[in-house]
Every structure is written in C-alpha cells, then in structure tokens.
Amino acid sequence: MLSTTEKSDVMEKIGSRRVFSFADAFKLFEDDDSEMKDYLGGKGAGLAQMTASGVNVPPGLTILTLSCREYSKSLSGSSSGSVKMPEKLMQEVFEELTQIEKQLDRRLGDLEKPLLLSVRSGAKFSMPGMMDTILNLGLNDKTVEALARSTENERFAYDSYRRFIQMYSNVVLGVAKDELEYILEDKKESLGIKYDADLKAADLKDLVKKFETRVKELTGTNFPQDVKEQLTGAIEAVFKSWNNNRAVYYRNLHKIDHNLGTAVNVQSMVFGNFDNDSATGVCFTRNPSTGEKVLYGEYLVKAQGEDVVAGVRTPHKIDKLKEEMPQVYEELLSNVERLEKHYRDMQDIEFTVERGKLYLLQTRTGKRTAACAVKVAVDLCQEGIISEDEALLRVDAGQLNQLLLPSFREEDKRAAKESGRHLATGLNASPGASIGQVVFDPTEAEQLAGKGEKVILVRVETCPDDIHGIVAAQGVITSRGGMTSHAAVVARGMGKPCVAGCEQLKIDMANQQFHVGAKCVKKGDTVSIDGTTGEIFEGAIETHDPAFSGEFSTLLSWADRRRRLLIRTNADTPADAKLAREFGAQGIGLCRTEHMFMSQDRLPVVQTMIMSGNRQDRIVALDKLLPMQKQDFIGIFEAMDGLPVTIRLLDPPLHEFLPDLEGLIEEIATSKARGESGADLKRKEALLQTVESMQESNPMMGLRGCRLGLLYPEITEMQVEAIFEAAIDVAGRGIKVLPEIMIPLVGHVNELKVARQELESVAMTVMKKAGVEIDYKFGTMIEIPRACLTANKIAEHAEFFSFGTNDLTQMTFGYSRDDAEGKFLHRYLDGVDTEDGEKVKILQENPFEVLDFEGVGKLMKMAVEYGQSTKPDIKLGICGEHGGEPQSIAFADSLGLNYVSCSPYRVPVARLAAAQASVLADSGNAGLIKADSR
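Residues numbered from 1 in each chain as written. Predicted model: local features only at pLDDT ≥ 70, side-chain atom pairs only at ≥ 80, totals over all residues. Heavy atoms only, no water.

Trainee: Explanation requested: the overall build of the protein in the structure shown.
Mentor: From N to C terminus, the protein includes 38 helices and 33 strands. Taken over C-alpha atoms, the radius of gyration comes to 32 Å for the protein, in line with the 30 Å a tight globule of 934 residues would show. Dimensions of the protein, computed from the C-alpha atoms along their principal axes, are close to 100 × 70 × 55 Å. Expressed as a percentage of contacts within the protein between residues at least 6 apart in sequence, the contacts between residues at least 24 apart total 70%. Surface exposure of the protein reaches about 38600 Å², of which carbon and sulfur atoms provide 48%. Taking the average location of the 112 positive side-chain charges in the protein and that of its 140 negative ones, the two points are 1 Å from each other. (Helix = DSSP H or I, 4+ residues; strand = E, 2+ residues; numbered from the N terminus. Rg over C-alpha atoms; globule rule 2.2 N^0.38 Å. Contact = heavy atoms within 4.5 Å. Areas by Shrake-Rupley, 256 points an atom, 1.4 Å probe, with all protein chains shown as cover. Lys, Arg positive; Asp, Glu negative; His and termini not counted. Charge placed at Lys NZ, Arg CZ, Asp CG, Glu CD.)

The structure is reproduced here in structure tokens:
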C-alpha cells in the first residue's frame, strides 16, 4: 500500500524502479539516512552506506519497501488469499543480479561457478527475528556438486545444502521446523555426536536425501531445483512475513506502523562454515547491557550466522577471536570504530570470515538496555561526538523504567549458595532480577500471567514465535544460545532479566521439568534468576530497588536544565510521597483521599457513616474519621516539606465502599436457609437496603465528586478540616506546607462556586481558631467536556485546573474504560475487517494510554485558552495516567501547562520526556517525542 506521505521528489528519482544495487542505492539517496531507511529499510540503508565507505561488503541488491506494500495490497484484495509475484519486479531483480554475477564471476545456477545468495528482510525499524531469512539459495542437486568441486570441500557444500533445505522448506514451503530437525537430531544421536560441525560429508549427503524425501511426503512435490523459482519464492516469503503473527505482535508492542512494509536484501553469500579459518559472528561497538566502551559480541568457527542468533551452539566471546584469528580481529576493530564514528552511535554488526577474509554483512543502531542507553548517550556527549540535546533524545524515556528494576543483595545470594540453592550459572544476557514459577510453554506463561501469576519462562532456546510468552514472563532462561540469541535480544529490549546458554540445565520438555545434576526442578516450582550475573537459584530471594548510576544522574540533571514542565507525582501515602521525591518529584499533583478510606480499620466507620439516616449521625461517624484523615495528611505534608500538595476531595460514589449487591443477597439467603437470626442478620439486611438504595444505572455519571459534596457537605467539610488541622500541625514544627484543595467532577460553574464557598469557610474557621495562616489554593479537576467548554466561567472560582484525563477520555469518547478494553478496544487497535479484505485500524493508539490529541486534546486546548482569558496566571496541570506517558507529556508541553503528575516510578520518565519535548519544540518538531529507533 503506497503511503500518502511518499515524497514526490524521491518518487520522481525512483520512477518505476523497485530494485537497486547497494552502490546505486547510496547514489540515489545521497546519504540521506532518513530517506534511505524509508525506502531501503534499515538494513538496506546500512549496506548501501557501508559499501560507499569502502568496507568489505558482499555485493547485493535491495528491493524497495514500496514493493512489499504493493504486494501486501494485492494480497489483501485477493479473494483466494494468494497472488502471483509481479513479473516485472522479478525481471528487474534478475537484470540487476547479472551485474553482481559479473562482479563476482559467478552465476546463479551455474554448474561450474555457482552463485549462492542470502535473502533477508529489512524494515525501517529493526524487528530482530520477526521476519524471515533464507541462506544458501541457489543450491540444488547439481549445483551442490559444482560447489563441492570448485571449493574442493565436499563437506562444506553439503552442509550448506542441508541448511538451505531446512530453511527454505520452513519459510517458503511451510514445513514445520521440527520435521527436519528431528531427522538431524536422530542422525547425530545414531553417530554419537553432539554438534552439527562434527557431521562428515557422507552424513550430510544422507541427510539431504532424507530431507528431500520428507519434504515431498509433506508437500506432495519435490524440493524446488529451479534456482529462479527458489529466488522468487524466497522474496515472496519475506514479503509475506511482514504480516506474520509474530511481526504484527512485535509492531503492536513497539507501536510501529503496519503500513511501512519491509525491504528485501538479496546478497551474495560468504561462508563462515567453509573451514576452520572461517567463522561468523555478531558484535556491538559497546556493551549493549552496560554501555561500557568495549567490543562486545560472540562468534562461532565453521558456522553460519543463523547458528549464532538461533543459539544452535553456544558461541565464543569475541575476545577469543584475538587469539584464533589475530589479523581478522584487528581489522574488525578498525572497521567497527569507523562505523561508530560515521553513525555517531553504538552499532550492532554482523560479520563473516571466509578463509581468513573478513566481510561485514550488516550494521544497524544497536538495541540496548536502558542502563546502556543512558551511559552511551552521556559518554558520546562527553567524548564530544554528540551534544547534550542529542544525548537527551538518544534515550527512550519510557525505557527508563528498566533502571528501576529490582536486584538481589550479594549477601542474600551468598546465603542461598551456602544453603545449596544455587542451581546453575549461564550467560548474563539481560540484567535485572526476578522470581517466578517455572513454565515451559509460552502460551501457558501468557495465561498464568493473565491471572496475576509471576512466571519464569524456561526454553531450550527461544524463537520469534515465543514472544507472547516472553512478554508475559518475569524473566527468561535458555539452555542454548548466547548474548545475541533471540531470547537475549528480546529480553533486553523489554527490560526483563535473561539467563541464556545455561548448558548445565538438561531440559525435559515432554515431562515439563529440568535437571541440574541430581536436582530436578518441575513446572510450578519457584526459581530466582539474576540476569546481571547469569545465576539461577531454587526458591525465592528477596529483591531490592537499584541504585542509580552516575550517568543516570547526569542525564537527568541535563533534562532538568532543559525542561520547562514541572514534574509532580500521584501519591496517597507518605511512603509513596517520599519515594517520588527521591525520584525528583516537585510536589504532589494528585492525592486521592478515597484510598485512605479503604483500609480495614476505617472501612467499618465509613460504612456506618454511609448507612446513617441523618446528617447528625453521619457527623458522629465522620468525627471518628477526622483524626485518621488528619494523620494521613500530616505524613504526606512532612514528606513534601516545601512542595505543593494537591488533594482531591472524595470522588467515587459511596456504594464503592459497600459490599457487592449480589454477594450480599447470596450471603443473607444462605444465613436464612441455615435458620440464622439475630443482630448480625439484621445488620446485613440494613446494609442490603442501603446498597440497593444506592444502585445507579451509570455510576460514573451519577452521585459522585462535587455532587456528593453538595448533597452531603459534611463529608467534604470533614476532609477540609483534616487538611487544615494537619497543615497547622506541621507548620508549627517548621515544615513549609502548600495545600491545594481540588474539587472533582465540576461541570457547571455554580457547582464549584457553592462548594468552594462552603469549604473555604471551614478552612478559615480552622485557621482562625489556631491563629495560623496557611498558604492554600482551591481549584478543580477538569474531567467533563462541559467544563472545558465553559472554562472561562469556572476559572473565576479556581486558582488551578488539573486535567483528569482518564475520565475526560471516557466522557469524550463515550467509552466505559473497563467495558471498552474488555470488549472492543483491542479490535479497534488491531483492525477490523472490511468488505474488500483490508484490515482498517479504527484507532492508532489506546486513548487511555496515549492522549487523544485530536479530540480530548482539543478540549484541553480550549480549556487552557478559556481559563487563561479569565485568569492569566491560573496554574495548569495533568494528573491522569497520561501524565507519565512521553507523547502525552510532549502534548502537555505544547499546550503550555505548568506541570504533569504521574506515579512515583514514572517521575524519571516524565523528567526526561519533558526535556525531550522542549528540545523538539525548539527544533520545530514539537510532539515527535519518540527516541531514535531504540
């Protein structure tokens, strides 16, 4: 599907062409990185730039993302669900391929000098492992013999062919991986060998025959021998893989546009599996877990790239290459340093060594943990490579939550080891610590997590199809694979601990258990994993919050200098307030008083108050609550010494403090059936009568918020009395207190006018009695559309507006959040089917997660403008969940709000996001809050 934003000047240069060699692609886009990635994908752009820079890159060609979009559109419009690959496209591919054949003096399908190809996906944004790859394409029963003759290495030729049959059969022909994997494993077992590399030429020849026989049994046709048919099928398979389940899931998870499409890179093969002077590997220019400036990675001798990524064998660390191939190592160091300087960022590089010669196959911006992102950004700035503003934009603000990951104390781990609970140590593939019950199946992990269970996913190795289980799990353990295996890369990106390549674990998938020596750990048993050290323990070890690095503090200090918005927190307890202040909160933007009523020692008093038949009885109950509320506020004021505290008066309907109607009816019926009577039954019947009288058709729009305070003023009067008594108490001890009383759910100016008059009178009485003046404010939460439309009038009686974006979103959309998210919102986000076969997304984002700028945002803008027209210095903020979401923070900055308020653990996120908003606004890109491709 062609995007409406295609640039006409680029399209004019491209014309009808869809295929470009790496060298021609660089010339076409003149090193415009953004344009290159739009059309060539990230991998294609990298290959074009590396080729132009003189790095040794195997020649190849890129099929533009346009072709994938065109193919996907044709496929979705087909009634049969299948379409033929465009003949013109394939003609262009084969024409461009002749230039590569001339350059290498090899030809596809030639029986003397056969050319072999890799076919890989390459979207604009990196999606590791989500789409399909084919290696060794061009081999058949005849060319394999030619390859053996021309290389004088029969074992290598047949090893490449069996790999190709396995890959092609799975990716293009739809044969399950296990079907051929079982044959391979049986062969190794019968020969008494462990590794694929130990198979001899005769063994591999036998495997090829068995593979071809099994493919014919499963598909009804022979394995394709026509090399042009092979290439056409592989390209089509990559196009199709753009919309496979795991790719769609990944894009939804990372909010990547489904209409971008993927480029396809067809590249001449170099062979890391040729001999003992050949190898394949992956390296990062810095450590992707910590950010340390060292070459980090791993490689395998006599292997192909998929062996490293898939975790078929546990690879060597990159340092060992210095011993095994010193010249190659020095050349690699030189090349990676050059690439990092060119891209001005940490690079993730794939390389192959064939017969002692180094080739670079790919470079891309390296995926990283939050700790790494922060350190690399700060280090690059301090090395003079990027500016402070660039450093701020290099870190995904949402990713900072990873830095708040728990860890185990060394003494606790030592005690666990001394008591014999240390099970094994694998590779420390992704940092952090987690505890959970062992689960072997990713779908079961997802199901258990959905019920609130904490699970650790244990696999021999993960593959892209396991992603839903990794998302659900607290952490991941694999017995095979290395630091750049699928499990490691995905877990790091999600901030989940991962222990990979733990070969001590003997996993028995059939019986859902694993053994470590004599110990057996079964499904459901609890384990603790430390992804920072690679250790696995039996049972639970207590976790602890982390300490922040110097780079983290430096980055946030730069953010604080750069941002305009103040950052407050949503906190209902002194502990939360203290924590938020440690994270840099500049006050409390929302203290929800109803949470204080829910504790078990207060709930009976609250229920007595609700059941009271008259004002006087309610006041008696409220008098018992007042000292409790006062103590709550004292603790919060103490924690926030010198900072403002916005306290929302009681907001929910009173029936939320009462038992469930159906449960109460059932309880009374059971008591009567047992013949019970007496005071307890009468109390329950009276409670039932109260619950029934408070039932509402739509409680969200019923008797709650300011309406409750206007009908039962004694409730909110007690709260205001408690607030000011607490304020006077702490002020008398030298603590500076700045209370802001927020009256919720105002839709009409008279509601605020009357409520404020009554409550301010209470405040004045308390202060007069104590002979103490408190600096206070009264304001309202803007959460009803009518309040936005009449904000000029409401501002006459408010000193601040705080946007309650959760309720404002519900009322603007006409959605009940619980019902919407449970019944239809996921379909709106995934896309609904139309008559012409297309999937159309009704919403691009969940409006309860990311603020709806067009609708809710427009109402907020009106409220800001109207409110300031009446009171230019009115204080403005957000206190809904959107206050901690980076894109919504950028919008708040663009509106000119004074602050955002979020949960304590989101405060560092908000500090950075607010700075990013300022940087982007100054550069003319306001609202583009997303960081660079992390």
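Now that the structure has been shown, the text picks up again.
Trainee: Help me out: how do you make sense of the sheet that holds strand β14 (residues 433–439) in this one?
Mentor: Strand pairing in a sheet relies on backbone hydrogen bonds, with the paired strands running either antiparallel or parallel. In spatial order, the strands read β12-β22-β21-β14-β15-β16-β17-β13; together these 8 strands make up an open sheet with mixed pairing. Of all the strands in the sheet, just β12 (422–425) and β13 (427–430) have a single pairing partner and so form its edges. Strand-to-strand, the axes of this sheet are offset by a mean angle of 30°, without reference to chain direction. Here 3 bridges tie β14 to strand β15 (residues 455–459), and the two strands are oriented parallel to one another. Looking at the pairing, Val 438 lines up with Ile 456 of β15. Those strands touched by helix α17 (residues 410–418) are β12, β21 (526–530) and β22 (535–538), and its axis lies near 60° from that of β22. This element, helix α18 (residues 442–450), spans β14 and β15 of the sheet and lies at about 180° to β15. (Pairing = 2+ DSSP bridges. Axes fitted to C-alpha atoms, helices over the stretch in contact; angles between N-to-C directions.)

Trainee: Is there a simple way to explain the packing of aromatic side chains in this structure?
Mentor: Two aromatic rings, taken as a pair, are described by how far apart their centres are and by the angle between their planes. With the rule as written, the count across this model stands at 16 aromatic pairs. Here the aromatic rings of Phe 583 and Tyr 905 are separated by 5.4 Å at their centres, their planes lie at 55°, and the arrangement is tilted. One end of the pair, Phe 583, is in the loop between α22 (574–582) and β25 (588–592); the other, Tyr 905, is in the loop between β33 (899–902) and α38 (907–922), with 322 residues separating them in the sequence. Overall, the relative accessible area of 34% leaves Tyr 905 in the partly exposed class. Here the aromatic residues Phe 813, Tyr 815, Phe 824 and Tyr 828 are joined through ring pairs into a cluster of three or more. The residue whose ring lies beneath Arg 568 is Tyr 899, and the NZ or CZ to ring-centre distance is 4.1 Å. (Phe/Tyr/Trp six-rings, centres within 6.5 Å; stacked < 30°, edge-to-face > 60°. Buried < 20%, exposed > 50% of the residue type's maximum accessible area, 1.4 Å probe, protein only. Lys NZ or Arg CZ within 6 Å of the ring centre and 35° of its normal.)

Trainee: It is not clear to me how the packing of helix α5 (residues 87–104) against helix α10 (residues 227–241) should be interpreted in this structure. Could you clarify?
Mentor: Geometry of a packed helix pair, given as the angle between the helix axes and the separation of the axes. Their axes nearest at 11 Å, the elements α5 and α10 cross at an angle of 120°. Here α5 is positioned oblique relative to α10, judged by the angle of their axes. Like other packed secondary-structure pairs, α5 and α10 cross with a definite hand, here right-handed. Note on element contacts: α10 touches α5 through Lys 228, Leu 231, Thr 232, Ile 235 and Phe 239, opposite Leu 89, Met 90, Val 93, Phe 94 and Leu 97. A breakdown of the residues in the contact of α5 with α10 according to their chemical character gives 8 nonpolar, 1 polar and 1 charged. (Parallel < 35°, antiparallel > 145°, perpendicular 65-115°, else oblique. Left-handed = near helix turned anticlockwise from the far one by under 90°. Nonpolar A, V, L, I, M, F, W, Y, C, P; charged D, E, K, R; others polar.)

Trainee: Can you walk me through the environment of Trp 558 in this structure?
Mentor: Along the chain, Trp 558 turns up in helix α21 (residues 550–562). Sequence spacing of Trp 558 and Ser 697 is 139 residues, and the spatial spacing of their C-alpha atoms is 51 Å.

Trainee: Please clarify how helix α26 (residues 661–673) should be interpreted in this entry.
Mentor: Since the α-helix packs 3.6 residues into each turn, any two residues three or four apart lie on the same face. Under the 1.5 Å per step criterion, the end-to-end length of α26 is 18 Å for 13 residues, consistent within 8% with the ideal 18 Å. For α26, the full list of buried residues reads Leu 664, Ile 668 and Ser 671. Axial view of α26: buried residues confined to an arc of 60°, hence all on one face. Opposite the buried face of α26, by more than 90 degrees, sit the exposed residues Glu 662, Glu 666 and Ala 673. For α26, the secondary structure elements touched by its buried residues are α27 (679–693). Note on α26: the residue one or two positions beyond its end, Gly 675, has a positive phi of about 80°. (Expected span 1.5 Å × (residues − 1). Arc of directions from axis to C-beta.)

Trainee: Can you walk me through the nonpolar core in this structure?
Mentor: Most often, soluble globular proteins have nonpolar side chains that are buried together. Membership of the largest hydrophobic core comes to 129 residues, with the highest contact counts inside it found for Phe 637 and Phe 724. The element best represented in this core is helix α29 (residues 713–731), accounting for 10 residues. When neighbours within four sequence positions are excluded, Phe 637 is seen to be in contact with Val 645, Ile 647, Ile 723, Ala 726, Ala 727, Val 730, Ile 735, Val 737 and Pro 739. Ranked by size, the runner-up nonpolar core spans 64 residues in total, among them Ile 100, Leu 108, Met 127 and Tyr 250. (Core = buried A, V, L, I, M, F, W, Y, C linked by side-chain atoms within 4.5 Å.)

Trainee: Sorry if this is basic, but what is going on with the packing of α21 against α38 here?
Mentor: At a minimum axis separation of 8 Å, α21 and α38 run at an interaxial angle of 50°. The pairing of α21 with α38 is recorded here as oblique in orientation. As for the relative orientation of α21 and α38, their crossing is left-handed in sense. Of the residues in α38, those in contact with Phe 552, Leu 555, Leu 556, Ala 559, Asp 560 and Arg 562 of α21 are Pro 908, Arg 911, Leu 912, Ala 915, Ser 918, Val 919 and Asp 922. Looking at the contact of α21 with α38 residue by residue, the class counts come to 8 nonpolar, 1 polar and 4 charged.

Trainee: Before we go on, may I ask you to explain the state of the cysteines in this structure?
Mentor: What makes a disulfide is a covalent bond joining the sulfur atoms belonging to two cysteines. The tally for this structure, following the rule as stated, stands at 0 disulfides. We note that Cys 498 lacks a disulfide partner, and the nearest cysteine sulfur, in Cys 502, lies 11 Å from it. Accessibility expressed as a relative area gives 0% for Cys 498, which makes it buried. Lacking any disulfide linkage, Cys 788 is separated from the closest cysteine sulfur, that of Cys 879, by 13 Å. (Disulfide = S-S within 2.5 Å.)

Trainee: Got a minute to help me understand the side chain of Asp 530 in this structure?
Mentor: You can see Asp 530 is positioned in strand β21. Assessed through its relative accessible area of 5%, Asp 530 is described here as buried.

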